[in-house]
Amino acid sequence: MSRLVEIREQLQDTQAALAQLDRALAGEPLESAARSLLVTAVSLKKRRRELEQEFVGEANKRGIDVCTYRLFAEHSQPTVAAVAGTIGQFQKLISIVYATIKHGPLERLRLREDVILETAFEFGYSFAGSVGLVFTLPNERLLGDIESRLDETFDAVIKMTEADSPEALRAFAHKYGVAPLRALYAWTNEHVTGGIGAGIDWQRNQQVRLTRLAQLGELENLREMLASTGDEGREVKKYSGILLGADAQPKRFHFKPDQGNEIRGTYENAINPAQHPELFKRYIAEIERIEVIHYATEQEDVNYFLQSLTDTGIRPYDHG
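Please read these numbers as outputs of a predicted model, since none were measured by experiment.

Asks: Quick rundown of the nonpolar core? Include the residues and the values.
Replies: Judged by nonpolar contacts, the single largest core of 51 residues is most densely connected at Phe90 and Trp187. For this core, the leading source of residues is helix α3 (residues 80-103), giving 9 residues. With residues near it in sequence (within four places) discarded, Trp187 still touches Tyr69, Thr86, Gln89, Phe90, Leu93, Thr161, Ala198, Ile200 and Leu219.

So, in structure tokens, the structure goes:
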């Protein structure tokens, strides 16, 4: 049995003993027996800290880094489904971002076998408060301050979780592709659905190299922003056709081009209602097509904006 496995088992035994003491203290008055239990609890917590330090030290000797993942809820313990869902999506998020750093931007949530093998977390141990899990992952040791792909991955993931504007999300999408943003949405959605925040530490030996504490409210805001943000494409075309409708409140138009489907959309100054635009009359319409593909769902939204409307002076029956 390796020393790392021995430390893991000792940590689990220590944690179990602490949990048993907590239950015992809950039913004891603060008298001599309870004070004795408190002394034992202090001793066990000291032992746990020593074992945790020994665990990361032994892992470092073997070229292994440590990821601590904490789940916390405001009013209750996380459910098993929430724990499983968030951990699974976190693993996928790390793997997807790693794949983009190794192989280039990704548009689909598909992983190559090398990426799966190089990013698969191994379970270290668990701890209380409210749910804490420690994972291990072999990581390259490079000279100086050079970061490995895994270091870059964790740095990118943490920065993605800190995005505070649609522009920041678009910058990540242009750098890494759409797939990481979809994985980020799936991860935040699991946390929000389960009602739990997240704490993430990326550690080598005794040094916590990266850390992120994401409250539930932050994750809710990030999920909403991801759901409403996407890549935007714009194209302006001129159409010859007939104006079928023009509403003043709200400012909407309905246009039938000579070729293609009818177009409905909005306008600002292209139509002046005071001039009573004539319906069923021929116009040259300059229309902007605005297409947004949402990062979270790949759903496509298309809107049309009328930029200008030029009267040709010709009615449909004039060509009859």
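Asks: Please set out the sheet that holds strand β1 (residues 64-72) residue by residue, giving values where relevant.
Replies: In spatial order, the strands read β2-β3-β1-β4-β5; together these 5 strands make up an open sheet with antiparallel pairing. Among the strands making up the open sheet, the edge pair consists of β2 (122-128) and β5 (207-214). Neighbour-to-neighbour, the strand axes of the sheet open up by a mean angle of 15°, direction not taken into account. Strands β1 and β4 (197-204) of the sheet are contacted by helix α7 (residues 179-194), whose axis makes an angle of about 125° with β4. Against the sheet, helix α8 (residues 216-228) engages β4 and β5, with an angle of about 75° to β5.

Asks: I'd like a rundown of the environment of Gly104, residues and numbers included.
Replies: For Gly104, the position within the fold is in the loop between α3 and α4 (113-119). It is 44 Å that separates the C-alpha atoms of Gly104 and Ile284, two residues lying 180 residues apart in sequence.

Asks: Hey, could you go over the packing of aromatic side chains for me, with residue numbers and the actual values?
Replies: Taken as a whole and assessed by the stated rule, the structure comprises 8 aromatic pairs. Centroid distance Phe55 to Tyr125: 5.1 Å. Interplanar angle 85°. Geometry classified as edge-to-face. Of this pair, Phe55 sits in helix α2 (residues 32-61) while Tyr125 sits in strand β2, placing them 70 residues apart in sequence. A relative accessible area of 0% means that Phe55 is categorised as buried. Seen from their ring centres, Phe154 and Trp202 are 3.9 Å apart, and the 10° between their planes marks the pair as stacked. Separated by 48 residues along the polypeptide, Phe154 in helix α5 (residues 149-161) and Trp202 in strand β4 bring together distant segments of the chain. Phe154 gets classed as buried once you look at its relative accessible area, which sits at 1%. Relative accessible area serves as the criterion here: at 1%, Trp202 is assigned to the buried category.

Asks: Can you explain the sheet that holds strand β6 (residues 230-247)? Please cite residues and give values.
Replies: Taken in spatial order, the 5 strands line up as β6-β7-β8-β10-β9 and close into a barrel, and their pairing is mixed. Between one strand axis and the next, the sheet turns by 50° as a mean value, whatever way the strands run. Judged from the 2 bridges that link them, strand β8 (residues 263-267) and strand β10 (residues 300-311) form a sheet pairing that is parallel. The residue bridging Thr266 from the neighbouring strand is Phe305, located in β10.

Asks: Explain the confidence of the model for the protein chain to me, using residue names and the numbers behind them.
Replies: With 93% of its residues at a pLDDT of at least 70, the protein chain reaches an overall mean of 89. Across the protein chain, element-level confidence peaks in α5 with a mean pLDDT of 97 and bottoms out in helix α1 (residues 3-26) with 83.

How each quantity is defined
- Residues numbered from 1 in each chain as written.
- Predicted model: local features only at pLDDT ≥ 70, side-chain atom pairs only at ≥ 80, totals over all residues.
- Heavy atoms only, no water.
- Core = buried A, V, L, I, M, F, W, Y, C linked by side-chain atoms within 4.5 Å.
- Buried < 20%, exposed > 50% of the residue type's maximum accessible area, 1.4 Å probe, protein only.
- Helix = DSSP H or I, 4+ residues; strand = E, 2+ residues; numbered from the N terminus.
- Contact = heavy atoms within 4.5 Å.
- Pairing = 2+ DSSP bridges.
- Axes fitted to C-alpha atoms, helices over the stretch in contact; angles between N-to-C directions.
- Phe/Tyr/Trp six-rings, centres within 6.5 Å; stacked < 30°, edge-to-face > 60°.
- pLDDT = per-residue confidence, 0-100.

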